[in-house]
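Summary of structural features
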Amino acid sequence: MERFEAWCRAIFAAPVKKESSALDPGPWRTMPSAEAVDFMTRAFSSPRTVWRGFDEASIAQGLRLVIDPDLGWAERLLEDELPWPARKRAIDSIVTLFREQFGGAPSLPPPLASICYMFWDVFPTWGDPNDPDVAEVDRALLGCMESILRIDSAACQDSALHGLNHWQTAYPEAVMAIIDAYLARHPKLDPELRQHAEWAKRGAMQ
């Protein structure tokens, strides 16, 4: 079995644990950072192909594991020792993940709905404007959330707003500009999403 396929099966097709504290990547925990970033990119770029036949709850659990800073590998995107183009491709692939995995249906089953909404809550960074080493990463992740706001999916848009809400403390002007542009594009936006957008501009979204 190819190593990437083995990783996908181990992470995204594993039996679902009752408690998130029981999640454990096992021997994959110490995989090299370059390989981890490459595997994330490949999985996120073609989720419906890579995870075809996998249980939705297992996929959601695997996504939680990948982005959890204490368990998975998304934190490797912050490592400036890795080439920036590879990390940028991985960040860009998050948009594809949202579009293809979360944005293709009117409603999501509960496990996917939960990880979609909580994606940026769990993600290992909410931005740091005082650290020049992550400036490119921060710009790319803000751009990623801005792109997810353009997906024609309430679940995707709500997730992006939730993420921008957390980034508001670090980048208040950028967050306000992104959300104001979103609101201008959607004058007839669902009232609940509009309320979330207004809260997110102030970092007050729950």
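**Some remarks on the overall build of the chain**
On a plain count of helices and strands, the chain comes out with 10 helices and 0 strands. Tracing the chain from N to C terminus, the helices and strands come up as α-α-α-α-α-α-α-α-α-α. Against the globule reference of 17 Å for 206 residues, the chain gives a C-alpha radius of gyration of 17 Å, in line with a compact fold. Every one of the 206 residues in the chain was classed for burial, and the buried ones make up 50%. In the chain, 71% of the contacts between residues at least 6 apart in sequence involve partners at least 24 apart. Of the roughly 10,000 Å² of accessible surface on the chain, 51% is carried by carbon and sulfur atoms.

**So, the side chain of Arg87**
Its place among the elements puts Arg87 in helix α5 (residues 84-102). Glu136 is the oppositely charged side chain nearest to the buried, salt-bridge-free Arg87, at an N-O distance of 5.3 Å. Residues contacting Arg87, with those up to four places away along its chain left out, are Val37, Arg76, Leu77, Leu78, Glu79, Asp80, Leu82 and Val137.

**Considering helix α2 (residues 33-45)**
With 13 residues, α2 extends 18 Å between its outermost C-alpha atoms, agreeing within 8% with the 18 Å of an ideal straight helix rising 1.5 Å per residue. Of the residues making up α2, those classed as buried are Ser33, Glu35, Ala36, Val37, Phe39, Met40, Thr41, Ala43 and Phe44. Where α2 is buried, its residues contact α1 (3-12), α3 (47-50), α4 (56-67) and α5.

**Observations concerning the packing of aromatic side chains**
Applying the stated criterion across every chain, the model contains 13 aromatic pairs. When the centroid spacing of 5.1 Å and the interplanar angle of 50 degrees are considered together, the rings of Trp120 and Phe123 count as tilted. Of the two residues examined, Trp120 and Phe123, each falls in the buried class. Taken together, the aromatic side chains of Phe4, Trp7, Phe12, Phe39, Trp51 and Trp73 make up a single cluster linked through ring pairs. The ring of Phe4 is capped by Arg42, whose NZ or CZ atom sits 4.0 Å from the centre of that ring.

**A short note on the pattern of salt bridges**
Using the criterion set out here, one finds 9 salt bridges in the structure. Among the ionic pairs, Arg9 bridges to Glu5, the shortest N-O distance being 3.6 Å. Here Arg9 and its partner Glu5 are both found in helix α1, 4 residues apart, which amounts to about one turn of the helix. Of the residues examined, Arg9 reaches a relative accessible area of 42% and is grouped as partly exposed. As a salt-bridge pair, Lys201 and Asp180 come within 2.8 Å of each other at their nearest N and O atoms. Separated by 21 residues along the polypeptide, Lys201 in helix α10 (residues 191-201) and Asp180 in helix α9 (residues 172-185) bring together distant segments of the chain.

**With respect to the packing of α1 against α4**
Running from N to C, α1 and α4 cross one another at 105 degrees; their axes reach a closest spacing of 7 Å. Overall, the two elements α1 and α4 adopt an arrangement that is roughly perpendicular. Listed contacts from α4 to Trp7, Ile11 and Phe12 of α1 are Ser58, Ile59, Gly62, Leu63, Leu65 and Val66.

**Observations regarding the environment of Arg42**
Residue placement: Arg42 occurs in helix α2. Look at Arg42 and you get partly exposed, because its relative accessible area is 33%. Along the sequence, Arg42 and Phe4 sit 38 residues apart, while their C-alpha atoms lie 8.7 Å from each other. What Arg42 contacts, discounting residues up to four positions off in sequence, is Glu2, Phe4 and Val50.

What counts as what
- Note on numbering: residues in each chain are counted from 1, in written sequence order.
- Local features in this predicted model are restricted to residues of pLDDT 70 or higher, and side-chain atom pairs are both shown and tallied only at a pLDDT of 80 or more, whereas totals for entire chains, interfaces and linings draw on every residue.
- Side-chain metrics in this entry use all non-hydrogen atoms of the structure; hydrogen atoms and water are not considered.
- Here a strand is any run of E in DSSP of at least two residues, a helix any run of H or I of at least four, and the numbering for each starts at the N terminus.
- In this description the radius of gyration comes from C-alpha coordinates, and the expected globular size is given by 2.2 Å times residues to the power 0.38.
- Throughout, exposure labels follow a simple rule: accessible area from a 1.4 Å probe, protein chains only, divided by the maximum for the residue type, with under 20% read as buried, over 50% as exposed, and the rest as partly exposed.
- Residues are treated as being in contact if the distance between any of their heavy atoms lies within 4.5 Å.
- The accessible surface values rely on the Shrake-Rupley method and a 1.4 Å probe; as for residues, cover is taken only from the protein chains in view.
- Charge assignment in this entry is limited to Lys and Arg as positive and Asp and Glu as negative, and neither His nor the chain termini are counted.
- By convention in these notes, a salt bridge is any Lys or Arg side-chain nitrogen within 4 Å of a carboxyl oxygen on Asp or Glu.
- One fewer than the residue count of a helix, multiplied by 1.5 Å, yields its expected span.
- Any pair of Phe, Tyr and Trp rings, taking the six-membered ring for Trp, is counted once the centres come within 6.5 Å. Such a pair is stacked with planes under 30 degrees apart, edge-to-face with planes over 60 apart, and tilted for the rest.
- Only when the NZ of Lys or the CZ of Arg is both within 6 Å of the ring centre and within 35 degrees of the ring normal is a charge said to sit over the ring.
- All axes here are fitted lines through C-alpha atoms, helices being fitted over the stretch that makes contact, and every angle between N-to-C directions spans 0 to 180 degrees.
- Oblique is the label for any angle not under 35 degrees, not over 145, and not in the 65 to 115 range, which are roughly parallel, roughly antiparallel and roughly perpendicular in turn.

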